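Architecture and fold: a report
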Amino acid sequence: MKKIDKKTADAYFRTRTILICVYLVIGFSASFGAVFFAESLAEFTFNGFPLHYYMGAQGAVLTFIILLFVNAIVSDRIDKKYGIDEARNETIGSGKTVDH
């Protein structure tokens, strides 16, 4: 199996780490933002519920589900960019020879 050079591996892991940090900040904001600003968000309604209640009950969960799908799509694109895509993994896993 062809090895990835250090610069490419470092760039890949740096990109992945930055994205994970961004996702954590978004998740933290969705979870705790509703709690921190509950009094000011009580003025707004969504589907007949106060916004802070809706974000605590459903909005944060929906945000996390959306983040999961976004992460999957972005991860596939990053993998292809750095040559770690699914087609290459299937070639390696099927026993076909790969250049060294």
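The text that follows walks through the structure, step by step, so that each part is easy to find. Sequence order as written defines residue numbering, which begins from 1 separately in each chain. For a predicted model such as this one, the threshold for reporting local features is a pLDDT of at least 70, and the threshold for listing and counting side-chain atom pairs is 80 or more; totals across whole chains, interfaces and linings nevertheless cover every residue. Hydrogens and water molecules were not included; the side-chain quantities draw on all heavy atoms of the structure.

1. Details of unusual backbone geometry
Backbone geometry places asparagine 47, a non-glycine residue, at a positive phi of 55°. Secondary structure counts use DSSP, requiring at least four H or I residues in a row for a helix and at least two E residues in a row for a strand, with both numbered from the N terminus. Position of asparagine 47 among the secondary structure elements: in the loop between strand 1 (45-46) and strand 2 (49-50).

2. Description of the packing of aromatic side chains
For any pair of aromatic rings, the description consists of the separation of the ring centres together with the inter-plane angle of the planes. Working definition: a ring pair exists when centres of Phe, Tyr or Trp rings (six-membered ring for Trp) sit within 6.5 Å. Plane angles under 30 degrees give stacked, over 60 give edge-to-face, the rest tilted. For the coordinates displayed, the defined rule picks out 7 aromatic pairs. With 4.9 Å between their ring centres and 40° between their planes, phenylalanine 28 and phenylalanine 32 make a pair best called tilted. In this pair, phenylalanine 28 and phenylalanine 32 are both assigned in helix 1 (residues 6-36), 4 residues apart and thus about one turn of the helix distant. Burial classes: relative accessible area under 20% of the type maximum marks a residue as buried, over 50% as exposed, and values in between as partly exposed (1.4 Å probe, protein chains only). Judged by relative accessible area, phenylalanine 28 falls into the partly exposed class, the value being 48%. Owing to a relative accessible area of 41%, phenylalanine 32 belongs among the partly exposed residues under this scheme. With a centroid separation of 6.4 Å and 55° between ring planes, the pair formed by phenylalanine 28 and phenylalanine 36 is classed as tilted.

3. So, the environment of glycine 27
When you line up the elements, glycine 27 lands in helix 1. The class of glycine 27 is buried, set by a relative accessible area of 5%. Spatially, the C-alpha atom of glycine 27 lies 8.2 Å from that of leucine 67, the residues being 40 residues apart in sequence. The contact partners of glycine 27, leaving out residues within four places of it in the chain, are Phe64 and Leu67. It only takes one pair of heavy atoms within 4.5 Å for two residues to be counted as in contact.

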